[in-house]
Amino acid sequence: MTDGPALLNLDRASIGTRERLTLTGVDLCSETQHLLLIEPAMSIFRLLAGRGPEQLLAGKVTLLGHDVLRREHHAACGVLAVETALPARWTIRHYLSWAARISGATQRGAQDRVEATLHQLGLTSLSKQPLRFLGANVRMALRFAAAVIHDPQVLVLELPGQGWGADEATLIHRWLEQCCSQARLLLCAPTLPIVESAWLDMATEACILHRGTLLAQETPGAAMANAAMYAVTVTQGAEALCARLKDDGMTLHGGPRHFTVRLPAGLAPRDLLCAATETEATIVQLEPIFAPAML
């Protein structure tokens, strides 16, 4: 926990499009330094990054106390997405100058930021190179540079579903230490199993969301070690099943049909199904969110 405003706060937040909600009435408050946010739909990331059709339809979302609906958070955060379109004919210097100016820097201030960033990331000798000729690592360095050029208070990173290669992950960790060691981090991923160990070690807290429910908020190690997590669809007898599961230390979250449940160490999905048989509840779907076998 740190002093000052919460890193991320959702107050009865509903996020989605006019046609489909991805989160409904979610409450979440994290005051940690480095938050790992697990959300299959990645709607919070896209809302913060301004990418995609997701909107805040109800409630409130703040990042370091800055109102996201009013886009007050943009000046305080940098965003590193897996794929960011790069204008093919621009040079590295042109692109970084543009990134600095849209972050609010004056023309002189933008020049100073560009020079410092080029030096930090070892891109000075390539500054006049057109973007269409850049290799994969240099393109990633450029995306990172654009995200941190205004020295953001918080860096929002999209962790890719397929994972970065070892060389790419090593580069990003090195750049984080060089360019923004004091910044707070919001690491966003669709599922816990795809998060590589280096990012788990960096995170100081994990929040796991599934179908609009905050399933866990604890250290990443505790989230992975304490229990397996499953999504459960119950069409009949949910109330009786919920009462029976409490005897074995399990709690159904959500409802009225779609739930999530954590299975403590020593219990397996068959224990959940046996409880459903005893209470004559009908389970039509049992889907692992993550389980020890998946990690």
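All values reported here derive from a predicted model rather than from experimental measurement.

Our focus in this paragraph is the packing of aromatic side chains. Scanning the model with the defined rule gives 4 aromatic pairs in all. When the centroid spacing of 5.9 Å and the interplanar angle of 70 degrees are considered together, the rings of Trp90 and Trp98 count as edge-to-face. What makes Trp90 partly exposed here is its relative accessible area of 25%. Residue Trp98 is classed as partly exposed on the basis of its relative accessible area of 39%.

Following both chains from N to C, one finds helix α8 (residues 238-246) and helix α9 (residues 269-279) inclined at 125 degrees, their axes separated by 9 Å at the closest point. Between α8 and α9, the interaxial angle falls into the category oblique. Once α8 is placed against α9, the crossing between them reads as right-handed. Only Leu272, Ala275, Ala276, Glu278 and Thr279 of α9 make contact with α8, whose side of the interface consists of Ala240, Leu241, Arg244 and Leu245. Partitioning the contact of α8 with α9 into residue classes produces 6 nonpolar, 1 polar and 2 charged.

Our next topic: the sheet that holds strand β2 (residues 21-30). Two orientations exist for strands paired in a sheet by backbone hydrogen bonds: parallel and antiparallel. In space, the 4 strands of this open sheet follow the order β2-β1-β4-β5, with antiparallel pairing throughout. Of all the strands in the sheet, the pair left with one neighbour each is β2 and β5 (66-67). Two elements, strand β1 (residues 8-16) and strand β4 (residues 55-63), share 7 bridges in a ladder whose sense is antiparallel. Paired with Asn9 across the strands is Thr62, a residue of β4.

Another point: the pattern of salt bridges. Under the defined criterion, the tally for this structure stands at 8 salt bridges. Arg70 is the partner of Glu72 in a salt bridge, and the nearest nitrogen-oxygen pair spans 3.9 Å. Residue Glu72 is classed as partly exposed on the basis of its relative accessible area, which comes to 37%. Arg108 serves as the salt-bridge partner of Asp112, at 3.5 Å between the closest nitrogen and oxygen.

Per-chain confidence: the chain averages 87 in pLDDT, with 93% of residues scoring 70 or above. When the elements of the chain are averaged for pLDDT, helix α7 (residues 220-225) gives the smallest value, 74, and β5 the largest, 97.

Let us now look at the environment of Thr62. Looking at where Thr62 falls in the secondary structure, it is placed in strand β4. The class of Thr62 is buried, set by a relative accessible area of 11%. Along the primary structure Thr62 and Arg143 are separated by 81 residues, whereas in three dimensions their C-alpha atoms are 24 Å apart. Apart from residues no more than four positions distant in its own chain, Thr62 is found in contact with Leu7, Leu8, Asn9, Asp67 and Val68.

Thresholds, definitions, all that
Residues numbered from 1 in each chain as written. Predicted model: local features only at pLDDT ≥ 70, side-chain atom pairs only at ≥ 80, totals over all residues. Heavy atoms only, no water. Phe/Tyr/Trp six-rings, centres within 6.5 Å; stacked < 30°, edge-to-face > 60°. Buried < 20%, exposed > 50% of the residue type's maximum accessible area, 1.4 Å probe, protein only. Axes fitted to C-alpha atoms, helices over the stretch in contact; angles between N-to-C directions. Helix = DSSP H or I, 4+ residues; strand = E, 2+ residues; numbered from the N terminus. Parallel < 35°, antiparallel > 145°, perpendicular 65-115°, else oblique. Left-handed = near helix turned anticlockwise from the far one by under 90°. Contact = heavy atoms within 4.5 Å. Nonpolar A, V, L, I, M, F, W, Y, C, P; charged D, E, K, R; others polar. Pairing = 2+ DSSP bridges. Salt bridge = Lys/Arg side-chain N within 4 Å of Asp/Glu carboxyl O. pLDDT = per-residue confidence, 0-100.

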